[in-house]
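# Geometric and topological summary
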Amino acid sequence: MTEIIIQTGIALAFVVFLIFAVALLYKKRRKNIGILNLIAYQSLGQKMGVAALKIGGEVLILGITPTDFKLLRKLDEKAIEIEETETASNFGSIAERVKKIRRIKEEI
């Protein structure tokens, strides 16, 4: 009886490992697709915020509201240093990126 439980546990651990491995590969592959990348997003209230998008060699700073979005600033990619992160949900690095963009905006 204990042998069956051990075999089942090992099989379950292997399946969970495979699921995580496939998810990691999918995430890495999806990250490199397309020319549009979200660098940072800062919420300014319910359904409002500021987003930094990298499109090609440019960085666009957009103001977003529930009904509209407006281009606030267009920057050259070389003007700011963009560090790659694994996920856009990493709020610590997103906050740091928004601060960098704000500092660069003040310098311009």
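Conventions we followed
- Residues numbered from 1 in each chain as written.
- Predicted model: local features only at pLDDT ≥ 70, side-chain atom pairs only at ≥ 80, totals over all residues.
- Heavy atoms only, no water.
- Helix = DSSP H or I, 4+ residues; strand = E, 2+ residues; numbered from the N terminus.
- Buried < 20%, exposed > 50% of the residue type's maximum accessible area, 1.4 Å probe, protein only.
- Areas by Shrake-Rupley, 256 points an atom, 1.4 Å probe, with all protein chains shown as cover.
- Core = buried A, V, L, I, M, F, W, Y, C linked by side-chain atoms within 4.5 Å.
- Salt bridge = Lys/Arg side-chain N within 4 Å of Asp/Glu carboxyl O.
- Patch = residues over 30% accessible without salt bridge, like charges linked within 9 Å, V, L, I, M, F, W, Y side chains within 5 Å.

### Notes on the overall build of the chain
Of the regular secondary structure elements, the chain holds two helices and four strands. Each helix and strand of the chain, ordered N terminal to C terminal, gives the series α-β-β-β-β-α. The proportion of buried residues among the 108 residues of the chain is 19%. Summed over its atoms, the accessible surface of the chain is roughly 8,700 Å², and 63% of this surface lies on carbon and sulfur atoms.

### Quick notes on the nonpolar core
With eight residues, the main nonpolar core is built from Ile39, Ala40, Ala52, Val59, Ile61, Leu75, Val98 and Ile101. Elements supplying a minimum of two residues to this core: strand E1 (36-45), strand E3 (58-64) and helix H2 (91-107).

### Some points on the pattern of salt bridges
Between side chains of opposite charge, pairing is possible as soon as their charged atoms come close. The tally for this structure, following the rule as stated, stands at one salt bridge. In this structure, aspartate 68 engages lysine 70 in a salt bridge whose closest nitrogen and oxygen atoms are separated by 3.5 Å. Aspartate 68 gets classed as partly exposed once you look at its relative accessible area, which sits at 34%.

### As for a nonpolar patch on the surface
Nonpolar side chains collect at one region of the surface, where Phe14, Val15, Phe17, Leu18 and Ile19 lie side by side and expose about 510 Å² of accessible area between them. Along the chain, the position of isoleucine 19 falls in helix H1 (residues 2-31). By relative accessible area, which is 54% here, isoleucine 19 ends up exposed.

Don't take any of this as a statement about function, it's just geometry.
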